[in-house]
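Summary of the model geometry
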Amino acid sequence: MPPSPPTKPTKPPPSVPRLSSCLLLLNHKNQLLLVSRPATAGTSFSSALVFPGGNLDKSQDYFLTPEYDTTTTTTDSPTSNNNNNINDDDDDIHASPTLTALKVCAIRETFEETGILYHTSTSLSTSPAPAPAQSTPSSSPPTPSFPTHLTNTSISLPPALPTLHLLTTWITPPTLPRRYRTTMFLAFLPSHCTQDPILPTTGEVVDVMWMSPQKLLSIYNSQDQVEEEGSINPDQKQKKILLFPPQVYLLTLLSDILARFSGDSEGARREMVRVAREEGVGGWVIEPYMRGVEKNGGRTVLGLDRPRGDKEKVVAVKFTKGGPSRVEVLRRGEAEGEGGAKL
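Presented here is a report on the structure given in the accompanying data block. (Residues numbered from 1 in each chain as written. Predicted model: local features only at pLDDT ≥ 70, side-chain atom pairs only at ≥ 80, totals over all residues. Heavy atoms only, no water.)

This paragraph deals with the pattern of salt bridges. If you walk through the whole model with that rule in mind, you get twelve salt bridges. Glu113 is paired through a salt bridge with Arg37; the nearest N and O atoms lie 3.0 Å apart. In this pair, Glu113 sits in helix α1 (residues 98-114) while Arg37 sits in the loop between β2 (32-36) and β3 (49-50), placing the two residues 76 residues apart along the sequence. Residue Arg37 is classed as buried on the basis of its relative accessible area of 11%. For the salt bridge of Arg108 with Asp61, the shortest nitrogen-to-oxygen distance reads 2.7 Å. Here the residue Arg108 occupies a position in helix α1, and Asp61 occupies one in the loop between β4 (53-55) and α1, the gap between them amounting to 47 residues. Judged by its relative accessible area of 2%, Arg108 is buried. Bridged by salt links that share partners, the residues Asp61, Arg108, Glu109 and Glu112 form one connected network. (Salt bridge = Lys/Arg side-chain N within 4 Å of Asp/Glu carboxyl O. Helix = DSSP H or I, 4+ residues; strand = E, 2+ residues; numbered from the N terminus. Buried < 20%, exposed > 50% of the residue type's maximum accessible area, 1.4 Å probe, protein only.)

Within helix α3 (residues 213-222), burial applies to Pro213, Leu216, Leu217, Ile219 and Tyr220. Along the axis of α3, the buried positions cluster into a sector of 160°, meaning they face one direction only. Where α3 is buried, its residues meet β2, β3, β7 (207-211), α4 (245-260) and β13 (323-331). Downstream of α3 by a residue or two, Gln223 has a phi angle that is positive, lying close to 55°. (Arc of directions from axis to C-beta. Contact = heavy atoms within 4.5 Å.)

Moving on, we get to the packing of aromatic side chains. With the rule as written, the count across this model stands at two aromatic pairs. Considering the side-chain rings of Phe111 and Phe146, the 6.0 Å spacing of their centres and the 50° angle between planes classify their relative orientation as tilted. Residue Phe111 is located in helix α1, and its partner Phe146 is located in helix α2 (residues 146-152); the two are separated by 35 residues in the primary sequence. On the numbers, 5.6 Å between centres and 65° between planes, the contact of Trp170 with Tyr249 is edge-to-face. Residue Trp170 is located in strand β5 (residues 165-171), and its partner Tyr249 is located in helix α4; the two are separated by 79 residues in the primary sequence. Across the pair, exposure class does not vary: Trp170 and Tyr249 are buried alike. For Arg306, the ring lying beneath its charged end belongs to Tyr289, and the centroid distance is 3.8 Å. (Phe/Tyr/Trp six-rings, centres within 6.5 Å; stacked < 30°, edge-to-face > 60°. Lys NZ or Arg CZ within 6 Å of the ring centre and 35° of its normal.)

As C-alpha cells, this is what we get:
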C-alpha cells in the first residue's frame, strides 16, 4: 500500500478583532491632538504617531449603560460570547450600548494618555490624568477608576457624548495576528477644557503634541524631522514621523477640508461634520486589502471599499521592517491608470 501523501498544515482562522476607539480632537486652531507610541517590539503602532485611543475596558467604559451587566462577562464587549471581540460583519457595532461605550473609551483613553479630558461641563476645569491603577506602586493608594474620577470632579460625561461624531471604523486585515476594530470619533475641544497635555508615566506614550493636519502631512511627505515647537518631550524632538494608513487617510480628509475652507474655521468644522453624517463617511467600515503593486515605486496599493468604505480612493504604502513608509492617499485612477498599479 503506497504511503499517504503528506498533509499540508492547516492555517489557523483569522483572529477576531478586538473593539477599540480613538479620538480625533481638534482645538480652537484646528490642530489635532497626537500621541507618539514607544518603540516597543511586538506592540501595535510601535514608534508611530497616532490619535489617542485604545481597547474597550469593561470595568470603565460601560458605566453609562446600566442594561449591560459587567458581572456576567470576563472581557470587554457585550457583543459576542468572546465579549472583547466582534465579528467583521457584525452590524450592531454602532448601536447602543456599544456605541456609548466606544465613545466613553475614546474620551477615557485620551484623558489617560494626554491629561486632556473632553467634556461639556462649562463651569468646571479638568485636573491632570491619574496613572492607570496597574502602574501604581503597592505602597501607594490605588488610583481611582475613570468613572470614580468623574464623580470626584463633578464632571458629567453624558452631555458630551452626542458631540462625538463617527468618522470611519477600521478593521485590521485578517493576515495579521493581532487585530482590532477601531472606531474613530471626531470632536472639537471646548474653550473651557484645558489643552495643555502632560505625559503619562505608564510608558504607553512617549510624546504628545498639537499639530494641524496640513503641517503634519507636509512634514511627513518631506521626511523632515518633528519641529521643536510640536513636541513636549525633548527626547522626541528629532525623531522622524511614522504614520500608518488609517492616520494618513484621515489626516488627508481633514486637511483637504481645511484647505477648501481656508480662513473659515467654523465653516471647516461644519463641513467635517457634514461629510461624516450626510456623505456617510461616519458609517464607513474599512478593512484594507491588497489590490496590486505600483509599476513605478513598488508600493503596495490597498483597497478601502470593503466591507463598506471608500470606493473612490486607495492607499499606496511601502511596507518595511521599520514600519510603513511613503503612505499616500490616491484616487483609484491615479494608482491604477497609466504607470499605476499591477493588478
